Every structure is written in structure tokens, then in C-alpha cells.
Amino acid sequence: MTAEDSAVSLADRWSAVMMNTYGTPRPALVRGEGSTVWDESGRAYTDFTGGIAVNTLGHAHPAVVEAVTAQVSRLGHVSNLFVSEPAVALAERLSALFGRPGRVFFANSGTEAVEAAFKIARRTGRTHMVAAEQGFHGRTMGALALTGQAAKRDAFLPLPGEVTHVPFGDVEALRGAVTEDTAAVVLEPVQGEAGVVPAPQGYLRAAREITHATGTLLVLDEVQTGIGRTGHWFAHQSVPGLAPDVVTLAKGLGGGLPIGATLAFGKAADLLGPGDHGSTFGGNPVACAAGLAVLETVEAENLLPQVVLKGAELRRGIEELRHPLVREVRGAGLLLGVGLAEPVAARVQRAAQDAGFLVTATGTSTVRLAPALTVMEEEIAALVKELPGILGA
Ligand SMILES: *Cc1c(COP(=O)(O)O)cnc(C)c1O
């Protein structure tokens, strides 16, 4: 059997046994190191998907490998019937990064982090919520209720209510939707799944003012934008002094291990009480040890300024191609969306793969780049160099 046969058969096995939720599977990957991954046939690709903005430190970073190995060898899981040190240490460290006292609820994914925020909002005693059109907050029913994309929602109506969706970035629409009955406004600082759309200048600050005036919680969903992705620890920190009540994290936090976190500050930190919420795996010591290793490494390797520089380099490189198919490059740091002039994102994704680069088609006309924060300048330069060929294919 050749390597190609075995690749086909793994895809066939996948199709036979997996629920058909993800469409056609892409190549079967077997190994990764830094920003390089290898498929079954031994072919190497440079990974600009970052596992959907998850692999903060790339693949098989020694700090994550060592932390996870040590922790799983010592104590793998205890449940929340017991205290374990990694969860406490990670919560302390996360709170410290916000520079104000907060409380943390650990879960295992982004959607669960949002569910916890949803329940915090309900504990205000109000039920109305406001979120943004095209926003994405996850696939479980509460998070889906907040998600502003009809294609993902419509088959599952009715969803928990009441949620009003407003056009993202429109301050007056937000002001018009938020009342003293509104429990929470839930927004992404950069809409990731919608095609990497940053909040316009002043929008988040306006959201804070509007929610303050009505006693409404401001929930920022930083599942995709958190943990250094935009060059700040959290994307909203690009707005000086902005103080959300609740922040959700997941993707990049575990450096590849599944973990979600909901942070709450001030009164919001005490809205959930005993019995209100829980998760068997939440705060799992191995996932938390990975999270600690990620935070320590981002700090020790001084990655945040590098994200700014490398992101700017990648953006400039693409812009300077002045390719007719590239309409614009949006985003912040190493979360970039290449807006295409035609709805050919899936074809560009395939051409990139053929050229040895993994990228993500987001919607029909955006190619998302979210490489490891450790991506190397040579890897960026290589993508930029190959891009005209990829776009021409
Ligand atoms: C990916 C994402 C989620 C959902 O995270 P999962 O881990 O897939 O459940 C929620 N919010 C935002 C902003 C995301 O990008």
C-alpha cells in the first residue's frame, strides 16, 4: 500500500464513522513541529491556520510538552470536588494579566466559556441580551442564541432568548437596543469567524458607556482574540482603560489542549454561586498546566511585540503584492483576514495547500491567517513569495 492509498483510506474511514458535520476532510496530519506539519505521505506544510488560532506556540513546543507530561504523570484529573494547584495558579495568572481582581470559571471549550457568561448574565435577574450580527460565539444552544449567523442558527430555533442582534460597529444601533432590561451585551473585539472584522475605532468604548448607563454587563468574547493573538494579551487592551465585566477565553489558552475560561470582574464575579454552574473536566490539571506553560512562554519569549511586528510584516507583504484578487487585509496582529475580490476563498485554500501552506477559508471571500505566535519571519516571507502563484491558480 502506498502512502497515498493509506491517506485515502483514512479519509474513507473518517467519512464512514464520523458524523458529517465538517464537510470534506483535509489531509490527515500526523506530526507537527513549530509551524510545520506533516501529512501521512510525509509531505510538509507551513501551518498558517494555527489549528484555528489555537496553537499559540506552534506544534510540540517543548514548554507545553514538558508541562503536560509532568502533570499527567503526577496527577491527571481530580474533578472540582478537590482543589488542584495548576487551576489555581492559572486563574491567578490570568487575573494578573487583567490588572484587576477577578474570578475565573474553567471549562473545556470556547462555547462553554460563553455558556458560563450567558448564565452569569441571567443571574443579573434580566433576560434580554444584545449581540452582533455575524458574530460567532459557539455551537451549544446558549452560545448559538448569541451567534448572529442565520445559517448556523436557523435549524435549531427556538434558541434561548431573548437576544437582539445589531449591526456590528454601529454605535447608534447598539444604543437603541440596550435598555435597563438588558442583562448583557456580548461582542467580539475582532469578529473572527465572520471573516476577521475588527470593531471600528471607538465602538468598544461606546459599548462600555452604553452598558454602564443601563447597568448592563459588557461581555467580550476573546475566545479567538485572546492570549496574545493581536499583540496584546487580550485584544480589548488596545483600548486603554477599557474594563469589561466578563471576558471569555479558550482557543489559544491551552496551546493545543482543550480549555476554556470565563473571567468576571467586580459584581459580575460573584453572580454565580454554589450549585449554579459546573463542569466535571473544568480546571483539569493537565489542561491548566498547558495554559500556564503557554502564558509563561509568551512572556519569557517576549512574544507580544513580535506578534505586532510579524503581523505587520505579513500584512504589508500581502498588500505590497497589489494583487487584483486581494481587496484588503483586515485584522490585528497575527489574526488576519485576506478579503478577496471574488468568492473563491475555498479555491485559494486548496491552491495554498497544493503549494505547501495551510490557510483557512472563512466564508466565501476571506482567507484567514492565524499562525502560531512563534511563526518565523522566513515562513512569512515564504508565504508572501508564493502567494501570487497561489492566487493565480
Ligand atoms: C471559536 C469561537 C468560539 C467557540 O469555541 P469552541 O471551542 O469551538 O466551542 C466562541 N467564540 C469565538 C469568538 C470563537 O472564535
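Small disclaimer: the values here were computed from a predicted structure and weren't measured.

Undergrad: Could you give me a rundown of the pattern of salt bridges, with the residues and numbers involved?
TA: Counted by the stated rule, this structure contains nine salt bridges. Between Asp-270 and Arg-103 there is a salt bridge, and its shortest N-O distance comes to 3.0 Å. You can see Asp-270 sitting in the loop between β12 (260–265) and α10 (285–300) and its partner Arg-103 sitting in strand β4 (residues 102–107), a full 167 residues away along the chain. When its relative accessible area of 51% is taken as the criterion, Arg-103 is described as exposed. For the salt bridge of Arg-327 with Glu-328, the shortest nitrogen-to-oxygen distance reads 3.9 Å. You can call Arg-327 exposed: its relative accessible area is 59%. Among the residues examined, Glu-328 registers a relative accessible area of 32% and is labelled partly exposed. Each of the salt bridges in this network shares a partner with another, and the network as a whole consists of Arg-93, Glu-296 and Glu-299.

Undergrad: Mind laying out the confidence of the model for the protein chain, listing which residues take part and the relevant values?
TA: Per-residue confidence for the protein chain averages 96 on the pLDDT scale, and 97% of its residues sit at or above 70. Of all helices and strands in the protein chain, the one with the weakest mean pLDDT is helix α1 (residues 3–17) (72), whereas strand β10 (residues 217–221) scores best (99).

Undergrad: Before we move on, could you go through the site of the ligand and cite the residues and values that matter?
TA: Near the ligand, the surroundings consist of Ser-109, Gly-110, Thr-111, Phe-136, His-137, Gly-138, Glu-188, Asp-221, Val-223, Gln-224 and Lys-251. Interatomic distance of 2.8 Å between a backbone N/O atom of Gly-110 and an oxygen atom of the ligand. Contact distances for the ligand include 2.8 Å between an oxygen atom and a backbone N or O atom of Thr-111. Contact with the protein chains covers 82% of the free accessible surface of the ligand, which is 380 Å². For the shell around the ligand, the class distribution of residues is two nonpolar, six polar and three charged.

Undergrad: So what's going on with helix α12 (residues 345–354)? Residues and values would help.
TA: Every α-helical turn comprises 3.6 residues, leaving residues that sit three or four positions apart pointing alike. For α12, the set of buried residues is Ala-345, Val-348, Gln-349, Ala-351, Ala-352 and Gln-353. For α12, the elements touching its buried residues are β3 (44–47), β14 (335–340), β15 (357–358), β16 (360–362), β17 (366–369) and α13 (377–392). Just beyond α12, the residue with positive phi is Gly-356, at close to 95°.

Procedures and definitions
- Residues numbered from 1 in each chain as written.
- Predicted model: local features only at pLDDT ≥ 70, side-chain atom pairs only at ≥ 80, totals over all residues.
- Heavy atoms only, no water.
- Salt bridge = Lys/Arg side-chain N within 4 Å of Asp/Glu carboxyl O.
- Helix = DSSP H or I, 4+ residues; strand = E, 2+ residues; numbered from the N terminus.
- Buried < 20%, exposed > 50% of the residue type's maximum accessible area, 1.4 Å probe, protein only.
- pLDDT = per-residue confidence, 0-100.
- Near = heavy atom within 4 Å.
- Polar contact = N/O pair within 3.5 Å; in protein donor to acceptor, adjacent residues only side chain to side chain.
- Areas by Shrake-Rupley, 256 points an atom, 1.4 Å probe, with all protein chains shown as cover.
- Nonpolar A, V, L, I, M, F, W, Y, C, P; charged D, E, K, R; others polar.
- Contact = heavy atoms within 4.5 Å.

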